[in-house]
Amino acid sequence: QVQLVESGGGLVQAGGSLKLSCAASGSIRSINDMAWYRQAPGKQRELVATITSIGTTYYADSVKGRFTISRDNAKNTVYLQMISLKPEDTAVYYCNADVWERAPMRRKYYWGQGTQVTVSS
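Residues numbered from 1 in each chain as written. Predicted model: local features only at pLDDT ≥ 70, side-chain atom pairs only at ≥ 80, totals over all residues. Heavy atoms only, no water.

Asks: Tell me about the overall build of the protein, and please be specific about residues and values.
Replies: Broken down by element type, the protein carries zero helices and eleven strands. Going residue by residue from the N terminus, the α and β elements of the protein occur as β-β-β-β-β-β-β-β-β-β-β. A compact globule built from 121 residues would reach a C-alpha radius of gyration of about 14 Å, and the protein, at 14 Å, matches this within 12%. Seen through its principal axes, the protein has C-alpha atoms that stretch 50 × 25 × 25 Å. The proportion of buried residues among the 121 residues of the protein is 43%. Sequence separation of 24 or more characterises 56% of the internal contacts of the protein that already satisfy a separation of 6 or more. Carbon and sulfur atoms form 50% of the exposed surface of the protein, whose accessible area is close to 6400 Å². (Helix = DSSP H or I, 4+ residues; strand = E, 2+ residues; numbered from the N terminus. Rg over C-alpha atoms; globule rule 2.2 N^0.38 Å. Buried < 20%, exposed > 50% of the residue type's maximum accessible area, 1.4 Å probe, protein only. Contact = heavy atoms within 4.5 Å. Areas by Shrake-Rupley, 256 points an atom, 1.4 Å probe, with all protein chains shown as cover.)

Below is the structure:
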């Protein structure tokens, strides 16, 4: 069993910055890809960014150049640095991790509980 705990969300003015964190804990052998998703009211959940275990990244076009995903493998933590925030970035942000567990050894995806990001105009 693995738990993902997100933090760093909040209210920020347009043009401002926030840094989200997501720490994984539990029966972890290693973590493959980690990702951030977001879901705005009335919309489908969308992929924001992904990062592999060796640091290869992917970004949705809507956030490219403004958001940076990173990870600290020693801490089993993924981050999302967000700058130049826009009102349309307002959403609940969820982290996701592809985890190799220890006992029993298995591969499973986990989700965080979500953290609210609100960007005011």
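Asks: Tell me what's going on with the pattern of salt bridges, and back it up with residues and numbers.
Replies: Applying the stated criterion across every chain, the model contains six salt bridges. In this structure, E46 and R38 form a salt bridge, with 2.8 Å as the shortest nitrogen-oxygen distance. The partly exposed category is assigned to E46, whose relative accessible area is 35%. Look at R38 and you get buried, because its relative accessible area is 5%. Here D61 makes a salt bridge to K64, at a shortest N to O gap of 3.3 Å. One salt-bridge network, in which partners are shared between bridges, spans R38, E46, R66 and D89. (Salt bridge = Lys/Arg side-chain N within 4 Å of Asp/Glu carboxyl O.)

Asks: Explain the pairing of strand β7 (residues 67–72) residue by residue, including any values.
Replies: Side-chain direction in a regular strand flips from residue to residue, so the side chains alternate between the two faces of the sheet. Residues F67, I69 and R71 point to one face of β7 and are all buried, whereas T68, S70 and D72, pointing to the other face, are not buried. As defined by bridge partners, β7 adjoins strand β8 (residues 77–82) across six bridges and the pair is classed as antiparallel. Bridge pairing links S70 to Y79 in β8. The antiparallel pairing of β7 with β8 creates a hairpin that spans four residues between the two strands, and N76 there sits at a positive phi of about 50 degrees. (Pairing = 2+ DSSP bridges.)

Asks: Mind laying out the sheet that holds β8, listing which residues take part and the relevant values?
Replies: Taken in spatial order, the four strands line up as β1-β3-β8-β7 in an open sheet, and their pairing is antiparallel. Two strands bound the open sheet, and with one partner strand each, they are β1 (2–7) and β7. Between one strand axis and the next, the sheet turns through 15 degrees on average, direction left out of account. (Axes fitted to C-alpha atoms, helices over the stretch in contact; angles between N-to-C directions.)

Asks: Lay out the side chain of N96 in plain terms, naming residues and giving numbers.
Replies: With respect to the secondary-structure elements, N96 resides in strand β9 (residues 91–101). Since its relative accessible area comes to 8%, N96 is described here as buried. Of the polar contacts made by the side chain of N96, one reaches the backbone oxygen of Y110; its length is 3.2 Å. (Polar contact = N/O pair within 3.5 Å; in protein donor to acceptor, adjacent residues only side chain to side chain.)

Asks: Outline the state of the cysteines, listing residues and values.
Replies: Throughout the structure, instances matching the rule amount to one disulfide. Paired by a disulfide, C22 and C95 hold their sulfur atoms 1.9 Å apart. Torsion about the S-S bond of the C22 and C95 cystine: about 50 degrees, corresponding to right-handed handedness. Of this pair, C22 sits in strand β3 (residues 18–26) while C95 sits in strand β9; the two residues are 73 residues apart in sequence, bridging distant segments of the chain. (Disulfide = S-S within 2.5 Å.)

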